[in-house]
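Here's the letter readout for the chains.
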Amino acid sequence: MKELLLQRLGWIGLTALALGLLTYGLDRVGLEPVSLLEAGLLAMTPLALAAVGECVNEKAGVVNIGLEGTLLISAVAGVWVAEQFGSGVAGLIGGMTVGGLIGLVLGLLAVYGRSDQIIAGIGLNLFALGFTPYLLMSLWAFPGIHIFPRELMVPRWITPIGQISPVTVLAVLLAILAHVLLHHTVLGFRIRAVGEKPEAVDVAGVRVDRLRLFTSVLGGALCGLGGAFMPLAWFGGVVKEISAGRGFIALACVVFAGLEPLLALAAAFLFGLTEGIAYAVAVTPGVKERIPFYFVNMLPYVTTLLVVALVIGRRRFPRTIGRPYARE
Amino acid sequence: MRRARPLLESLFAISIGLIVGGLLMLPFRYDPLKAYQALFRGAFGTSHDIMETLAFATPLMLTAITFAVGVRAGLFNIGAEGQMYMGAIGAVFAASLLPLPPGIHVVVATLVAMLFGALWSLVPALLKIWRGVHEVISTIMFNWIAFHLAMYLAIYYLAEPGRAERTRPALPTARYPILAEGSTLTAVIFVAVLFCIAVYFVLWGTRLGYELRLVGENPEAARYAGVRISRALLWSFLIGGMAAGLAGASQIIGRPPAWSLYATLGNVVTLGFDGIGVALVGRNHPLGGILAAILFGALQHGGRFMEYHAGVLSELVRAVNGLIVITLAVPELWAMVRRRWIR
């Protein structure tokens, strides 16, 4: 276990080094590292929130591969709530609530409906693919995109390392909290146990169904916060494909991290940084002309694939992951 | 009764999907009855509409194969989308740039598209076999890479001079014949159906198909029986890739009026994802997929009428697709219904 952790940290170190070199190279061609870090942290936030939540519910044995769909729906819902209440923060809370509700439905289907969780997740993603443009059109009578008033944006803090969103800080705190929850509390012990040996937890008098339901709602809510973050604290608008595969990149973070929230946070930072680089390349004059923007856009996906392919090895998942529990 | 069960389950899921879809119309003051009436009348009202429905069904039965063959081997291959983009690119390349005699040209363009699709599925297959990378992650990443790559190729290398919004159209020698004046249904549907039947024979009539299904149903047993699991997985991906490539081709050399790929990929995008719902409703069976594809083709063609007559955005049809998949993921729902009403 310790070895594995060290190995993973080693990989992160190596990748960080490679990225450092890359950053240096980009700096030479005219990109600013500060703006890069700023963009990277913004891109990290939804990934980290979705991934940390997913770590917790997968520990309990519930898989949600509908993160992509959750991000999409909660992004739209977040903007709508923000406009209703005239406040970006209300929008974030709204997105979180909607995400939690989606987690609740998926959890109910998984725990009581004994659903095939992978297929249910694929279904959720498909649903969101159609429901998001439908919602955009029905709510704002405009196809595929909605830009909201600038004053609804959640303000960012200005720091020496660039503008930082409070949500980013919250995401880091939540990752730490999730780590503490899983490894240093009774509840966390039960969550881990319920993924490994639900029958033992059941015999010990803990309700397996409620515990799994709780983690599913928690995971969904964090993902929903990440979804609402994208329009309200990052882009300033929502488009029908706003999530752009981030739900799956977050899943890659979870797999990479072997369900450890802190490692998932690190992975999210890594992928966020590549997205930051992609963004920076796409907007920097002098650079954007030299590299076709289509290749820059592939960068986050290629990195994700490479990292997952290189790092995956003998990671271990809870014994009953994705499987429903029934008393014998 | 027992043989009819899969059919009943699918019908049950479809009804749940349509009902929930209708409920989703209510908050926005659309009229679900009017919308669905427009949808079904639009899909099957005239013989012209039936042909359009079949034209929409053609790519769907193929992308359904991609998912279905994956599931048969125990994989969740959701890479049909990207493999289809590459197939479309292959078809544009072969159909618009290679001057070949009529007859041969169509065949070559079709085969090139299938080859491109299969090649695009090869990397996730090898990553799965060699590194154990979960196919859901790798195929989705490949879908996005394909999306950007296809747009790049379409705009930089295959664009029609003077018309940047689309690629060069397929040469007339590479086009499948249109089946009826004014319709967008072409002979490519026969190729699609034949492909589905061929996959059915491979799966249930050959040793490879048997091994593939054994790996999906019981990998342990397959291992003890001496089945080469990696070979079965590889073929599952490759057959899926060919099917998706063919689906891409069907939209380029088998679908008027464009005969080309839009630079936004607008005429192929989401057909791969739609295939997942088709496959599940068709019980992951190649022939069941044909029937399910006709149903989903009807939803897509009729969806445009729903938009026109009831104001409901046709994308809602896609949401209904998702709801159907979710319902099918929950066997308990159906079991509950059966316990209550059917004894």
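Q: In this structure, what is going on with the pairing of strand β2 (residues 163-167) of chain B? I would like to understand it.
A: Residues and elements named next belong to chain B. Direction of pairing for strand β1 (residues 159-160) relative to β2: antiparallel, over a ladder of two bridges. By the bridge assignment, Glu-160 is partnered in β2 with Arg-163. Here β1 folds back onto β2, and the loop between the two strands holds two residues, one of which, Gly-162, carries a positive phi near 85°.

Q: Mind showing me how you'd approach the confidence of the model for chain B here?
A: Keep in mind that low pLDDT regions are not for reading the predicted coordinates in detail. Chain-level pLDDT for chain B is 89 on average; 98% of the residues reach the 70-or-more range. Scoring of the predicted complex yields 0.87 for pTM and 0.87 for ipTM.

Q: What am I meant to see in helix α1 (residues 5-25) of chain B here?
A: Since one α-helical turn is 3.6 residues long, residues separated by three or four positions face the same way. With 21 residues, α1 of chain B ought to run about 30 Å at 1.5 Å a step, and its terminal C-alpha atoms sit 30 Å apart, in line with that. Taken together, the buried positions of α1 of chain B are occupied by Glu-9, Ser-10, Ala-13, Ile-14, Ile-16, Gly-17, Gly-21, Leu-24 and Met-25 of chain B.

Q: Would you mind showing me how to read the nonpolar core here?
A: Where a protein is soluble and globular, its nonpolar side chains tend to be buried together. Core analysis: the largest hydrophobic core is formed by 230 residues, its most contacted members being Cys-253 and Ala-264 of chain A. With near-sequence residues (within four places) excluded, Cys-253 of chain A lies in contact with Leu-47, Ala-51, Ala-264, Ala-267, Ala-268 and Phe-271 of chain A.

Q: How should the interface of chain B and chain A be read in this particular structure?
A: Chain B puts 41 residues into the contact, and the matching count from chain A is 37 residues. For the side of chain B that touches chain A, the secondary structure elements donating two or more residues are α5 (104-131), α6 (135-156), α11 (271-281), α13 (316-329) and α14 (331-341) of chain B. Its residues assigned to classes, the side of chain B that touches chain A shows 29 nonpolar, eight polar and four charged.

Q: I'm lost on unusual backbone geometry in this one. Help?
A: With the exception of glycine, the majority of residues adopt a negative phi angle, and the majority of peptide bonds are in the trans configuration. Residue and element names in this part refer to chain B. Going from Pro-256 to Pro-257, the amide bond is cis rather than trans, its omega being 0°. Relative to the assigned elements, Pro-257 resides in the loop between α10 (229-252) and α11. Phi is positive for Arg-29, which is not a glycine, with a value near 60°. The topology assignment puts Arg-29 in the loop between α1 and α2 (32-44). Backbone geometry at Thr-270 places phi at a positive 70°, although glycine is not the residue there. Tracing the backbone through its elements, the reader meets Thr-270 in the loop between α10 and α11. Classification of Thr-270 as partly exposed rests on a count of 19 C-beta atoms within 10 Å.

Q: Which parts of the structure should I look at to understand the confidence of the model for chain A?
A: With 91% of its residues at a pLDDT of 70 or more, chain A shows a mean pLDDT of 85. No element of chain A has a lower mean pLDDT than helix α1 (residues 2-29) of chain A, at 69, and none a higher one than helix α3 (residues 67-85) of chain A, at 94.

Conventions we followed
- Residues numbered from 1 in each chain as written.
- Chains lettered and ligands numbered in written order.
- Predicted model: local features only at pLDDT ≥ 70, side-chain atom pairs only at ≥ 80, totals over all residues.
- Pairing = 2+ DSSP bridges.
- Helix = DSSP H or I, 4+ residues; strand = E, 2+ residues; numbered from the N terminus.
- pLDDT = per-residue confidence, 0-100.
- Expected span 1.5 Å × (residues − 1).
- Buried ≥ 20, exposed ≤ 12 C-beta atoms within 10 Å, placed from the backbone.
- Core = buried A, V, L, I, M, F, W, Y, C linked by C-beta atoms within 7 Å.
- Contact = placed C-beta atoms within 7 Å.
- Nonpolar A, V, L, I, M, F, W, Y, C, P; charged D, E, K, R; others polar.

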